[in-house]
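Below, each chain spelled out in residue letters.
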Amino acid sequence: ILYYTVLYCTTLYLTVRDYREEEARQLLVACRLNEAACCLRCDEWAAAAAACDAAVSRLSDPLGAEAEANVKALFRRAKARSRSSDFGAARRDLREAARLAPTNREVLLTNS
């Protein structure tokens with residue numbers, strides 16, 4: 001519930017469009033990634049994948065400065081998709097995560 005409150009407040013904050021918009025966007029991405037992690041722990045696969053989708057959609061530079069957040073989202077979404085038997089989509093997410101972070105041990109171990 002706390003994450004949903006933070007997400008709601010951050011979303012409201014984004015609508016203000018003041019000089020802190022970038023900070024609010026980064027906070028919203030972090031909250032969505034944390035929401036995905038919580039959903040995975042609670043076996044809520046669809047909600048975890050949706051939270052990852054929301055995080056990825058908010059990334060302004062998913063291949064550059066925000067590649068680490070993108071890798072987290074891809075990896076967590078792959079876990080959620082594999083647990084819900086969407087193996088093809090999970091494999092695509094893992095391959096993309098491995099391409100973006102070729103030295104990430106957790107991604108490499110899961111992708112092998």
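In the block above lies the structure referred to throughout.
So, here is what we can say about the structure in this document. (Residues numbered from 1 in each chain as written. Predicted model: local features only at pLDDT ≥ 70, side-chain atom pairs only at ≥ 80, totals over all residues. Heavy atoms only, no water.)

Here's the deal with helix 2 (residues 21-41)
Move 1: With 21 residues, helix 2 should reach 30 Å at 1.5 Å per residue; the first-to-last C-alpha distance of 30 Å fits that figure.
Move 2: Taken residue by residue, helix 2 has Ala24, Arg25, Leu28, Val29, Cys31, Leu33, Glu35, Ala36, Ala37, Cys39 and Leu40 as its buried positions.
Move 3: Positive phi shows up at Asp43, right after helix 2, with a value of about 60 degrees. (Helix = DSSP H or I, 4+ residues; strand = E, 2+ residues; numbered from the N terminus. Expected span 1.5 Å × (residues − 1). Buried < 20%, exposed > 50% of the residue type's maximum accessible area, 1.4 Å probe, protein only.)

Here's the deal with the nonpolar core
Move 1: Within the largest apolar cluster, 11 residues are counted, these being Val71, Leu74, Phe75, Ala78, Ala90, Leu94, Ala97, Ala98, Leu100, Ala101 and Val107.
Move 2: When contributions to this core are tallied by element, the ones reaching two or more residues are helix 4 (67-83) and helix 5 (87-100).
Move 3: When residues in this core are grouped by element, the largest group, five residues, is from helix 5.
Move 4: Apart from residues no more than four positions distant in its own chain, Ala90 is found in contact with Ala78, Arg81 and Ser82.
Move 5: Of all hydrophobic cores here, the second largest spans nine residues; its members include Val29, Leu33, Ala36 and Leu59. (Core = buried A, V, L, I, M, F, W, Y, C linked by side-chain atoms within 4.5 Å. Contact = heavy atoms within 4.5 Å.)

Examining the packing of helix 4 against helix 5
Move 1: Relative orientation of the contacting elements helix 4 and helix 5 amounts to 160 degrees, with a least axis distance of 8 Å. With respect to helix 5, the axis of helix 4 lies roughly antiparallel. Between helix 4 and helix 5 the crossing geometry is left-handed. Residue-level inspection shows Asn70, Val71, Leu74, Phe75, Arg77, Ala78, Arg81 and Ser82 of helix 4 in contact with helix 5, the latter providing Phe87, Ala89, Ala90, Asp93, Leu94, Glu96, Ala97 and Leu100.
Move 2: In the contact of helix 4 with helix 5, the residues fall into 10 nonpolar, two polar and four charged. (Axes fitted to C-alpha atoms, helices over the stretch in contact; angles between N-to-C directions. Parallel < 35°, antiparallel > 145°, perpendicular 65-115°, else oblique. Left-handed = near helix turned anticlockwise from the far one by under 90°. Nonpolar A, V, L, I, M, F, W, Y, C, P; charged D, E, K, R; others polar.)

As for the pattern of salt bridges
Move 1: Here the structure, examined in full by the defined rule, presents seven salt bridges.
Move 2: Where Glu22 meets Arg25, a salt bridge forms, and the shortest distance between an N and an O atom there is 2.4 Å. Taken together, the residues Glu22 and Arg25, both in helix 2 and three residues apart, mark about one turn of the helix.
Move 3: Owing to a relative accessible area of 39%, Glu22 belongs among the partly exposed residues under this scheme.
Move 4: Salt-bridge contacts for Arg77 lead to Asp93; the nearest nitrogen and oxygen are separated by 2.8 Å. With a gap of 16 residues between them, Arg77 in helix 4 and Asp93 in helix 5 connect regions that are remote in the sequence.
Move 5: Under the relative-accessibility criterion, Asp93 is labelled buried at 4%.
Move 6: Salt bridges sharing partners connect three or more residues here, namely Asp53, Arg77, Arg81 and Asp93. (Salt bridge = Lys/Arg side-chain N within 4 Å of Asp/Glu carboxyl O.)

None of this, on its own, says anything about what the molecule does.
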